[in-house]
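The lines below spell out each chain.
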Amino acid sequence: MKKWQKALVGLLVGVGMTFAAAGCDDGLTVTFMDGDKKVEIMTDLGKDKPIKLPDAPKKDGYTFVGWYTDEALTKPYEQDSTVTKNMTLYAKYTRSQLYVIMNLNYQGATAIDPAKVVYGEAYELPTPQREGYTFTGWTLNGNPFEASGDSYTHENSITVYAQWSLNKYTVTYKDGAETLGMKTVEHGKAVEAWTEVAAGYQIDGIFTDAECKTAYDQKSAVKGNLTLYVKKSPKTFKITVNRLAEGDNKDTTALFGGAYTLQAPTREGYFFKGYTY
């Protein structure tokens, strides 16, 4: 082989070696995993060069933490790190901290702090109190929402609304130990007057004690079950006595069921036989 041919072969071999060395810097692959799912595969990456990370993946109820170099998710990948070999990066998440905002759903209500909940974990909402009402549950978008559960499954924070029913109370009317009757009264309303009484008797008042010493204000608002005592007494009746012959009418009074005495009139030449009515 001639000298110039040997030189040419040497030159070509040198160039080829340079091309081969340059090719070693390329062709690296980075695979991005989200659990068992491949999110993205980057190929033909240059050695010792940083990579542009893909957009953060999304997972319902979770917050993306970052990419990790090990499947156990203990070694975070630094964003500006350079690629030196083929590698796999793994997505790490934490369960999202969410809130349940509780609207007490009536004017003048004092706001309560939102309940902190974690997606997929057990939760429990408080039972609110309201004077004169009974709490019947929470609703979400008009549908019942359980106040507690083994797993919070909503992806975002939510607002629930309290539902109430107006309390109703029983007012018992008594005459001593005897129960006269009962009536139902809504919270905040006044009791109805007790009017039922036996013929010949009248109601003198409503009292809070069996001895009928403390009068009850029937205009006051009822806030709970109540026992009231009815005081009654015989009616007083007027008896008008017409003596006819003498022309002097005289009246007297008598209590219903009580004793009374009418004075016998006198008339010359007559014997008084009695009264008629």
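On a predicted model such as this, the values are computed, not experimentally measured, just so you know. (Residues numbered from 1 in each chain as written. Predicted model: local features only at pLDDT ≥ 70, side-chain atom pairs only at ≥ 80, totals over all residues. Heavy atoms only, no water.)

Q: Describe in detail the overall build of the protein chain, supporting the description with residues and values.
A: Scanning the protein chain from N- to C-terminus turns up one helix and 19 strands. When the 277 residues of the protein chain are sorted by exposure, 27% land in the buried category. For the protein chain, restricting intrachain contacts to residue pairs at least 6 apart in sequence, the fraction spanning at least 24 positions comes to 50%. Surface summary for the protein chain: the accessible area is close to 19,400 Å², and the carbon and sulfur share equals 50%. (Helix = DSSP H or I, 4+ residues; strand = E, 2+ residues; numbered from the N terminus. Buried < 20%, exposed > 50% of the residue type's maximum accessible area, 1.4 Å probe, protein only. Contact = heavy atoms within 4.5 Å. Areas by Shrake-Rupley, 256 points an atom, 1.4 Å probe, with all protein chains shown as cover.)

Q: A description of the nonpolar core should follow, citing residues and the corresponding values.
A: Counting residues in each nonpolar core, the largest one holds 18 residues, and the members touching the most others are V100, L125, W138, F145 and V160. Looking at this core, the elements with two or more residues in it are β7 (97-103), β8 (115-118), β10 (133-140) and β13 (158-166). Here this core gets four residues from one element, more than from any other, and that element is β13. If you look at the next biggest cluster of nonpolar residues, it comprises 14 residues, including L53, W67, V83 and Y93. (Core = buried A, V, L, I, M, F, W, Y, C linked by side-chain atoms within 4.5 Å.)

Q: Give me the pattern of salt bridges: which residues, what numbers.
A: Applying the stated criterion across every chain yields a total of five salt bridges. E121 is the partner of R95 in a salt bridge, and the nearest nitrogen-oxygen pair spans 3.8 Å. Taken as a pair, R95 in strand β6 (residues 87-95) and E121 in the loop between β8 and β9 (123-124) lie far apart in primary sequence, 26 residues in all. Residue K183 is joined to E192 by a salt bridge in which the shortest nitrogen-to-oxygen separation is 3.5 Å. (Salt bridge = Lys/Arg side-chain N within 4 Å of Asp/Glu carboxyl O.)

Q: Can you lay out the packing of aromatic side chains for me, pointing to particular residues and giving the numbers?
A: For the coordinates displayed, the defined rule picks out 11 aromatic pairs. Here the aromatic rings of Y106 and W164 are separated by 5.9 Å at their centres, their planes lie at 85°, and the arrangement is edge-to-face. In this pair, Y106 sits in the loop between β7 and β8 while W164 sits in strand β13, placing the two residues 58 residues apart along the sequence. Three or more aromatic residues joined by ring pairs make a cluster, and in this case those are F32, Y62, F64, W67, Y93 and Y119. Geometry around Y62 places K59 over its ring, the cationic atom sitting 4.6 Å from the centre. Lying over the aromatic face of Y93, K59 brings its terminal NZ or CZ to 5.3 Å of the ring centre. (Phe/Tyr/Trp six-rings, centres within 6.5 Å; stacked < 30°, edge-to-face > 60°. Lys NZ or Arg CZ within 6 Å of the ring centre and 35° of its normal.)

Q: Any chance you could break down unusual backbone geometry for me, citing the residues and the numbers?
A: Backbone geometry places D48, a non-glycine residue, at a positive phi of 60°. Summarising the element assignment, D48 is placed in the loop between β2 (37-45) and β3 (49-50). Of note in this structure, N141 is not a glycine but carries a positive phi near 55°. You can see N141 is positioned in the loop between β10 and β11 (143-145).

Q: Can you tell me about the sheet that holds β6, naming the residues and giving the values?
A: Here four strands make up an open sheet; going across it, the order is β2-β1-β6-β4 and the pairing mixed. At either end of the open sheet lies a strand with only one pairing partner, and these are β2 and β4 (62-68). Each adjacent strand pair in this sheet contributes to an overall mean axis angle of 20°, direction not counted. Summarising the sheet, strand β1 (residues 28-34) and β2 pair through six bridges and their orientation is antiparallel. Directly across from L28, in β2, lies its bridge partner L45. (Pairing = 2+ DSSP bridges. Axes fitted to C-alpha atoms, helices over the stretch in contact; angles between N-to-C directions.)

Q: Quick rundown of the confidence of the model for the protein chain? Include the residues and the values.
A: Taken as a whole, the protein chain shows an average pLDDT of 83; of its residues, 86% reach a score of 70 or greater. Low pLDDT, under 50, characterises residues 7-25; the stretch is placed with four contacts to residues that sit more than four places away or in other chains. (pLDDT = per-residue confidence, 0-100.)

Q: Please give an account of the sheet that holds strand β17 (residues 226-234) that cites residues and values.
A: Read from one edge to the other, the open sheet built from four strands follows the order β15-β14-β17-β16, with strand pairing classed as mixed. In this open sheet, the two strands that pair with only one neighbour each are β15 (178-186) and β16 (201-207). Ignoring strand direction, the axes of neighbouring strands in this sheet form an average angle of 30°. By the bridge criterion, six bridges tie β16 to β17 in an arrangement that is antiparallel. From the neighbouring strand, Q202 faces β17, where its bridge partner is S233.

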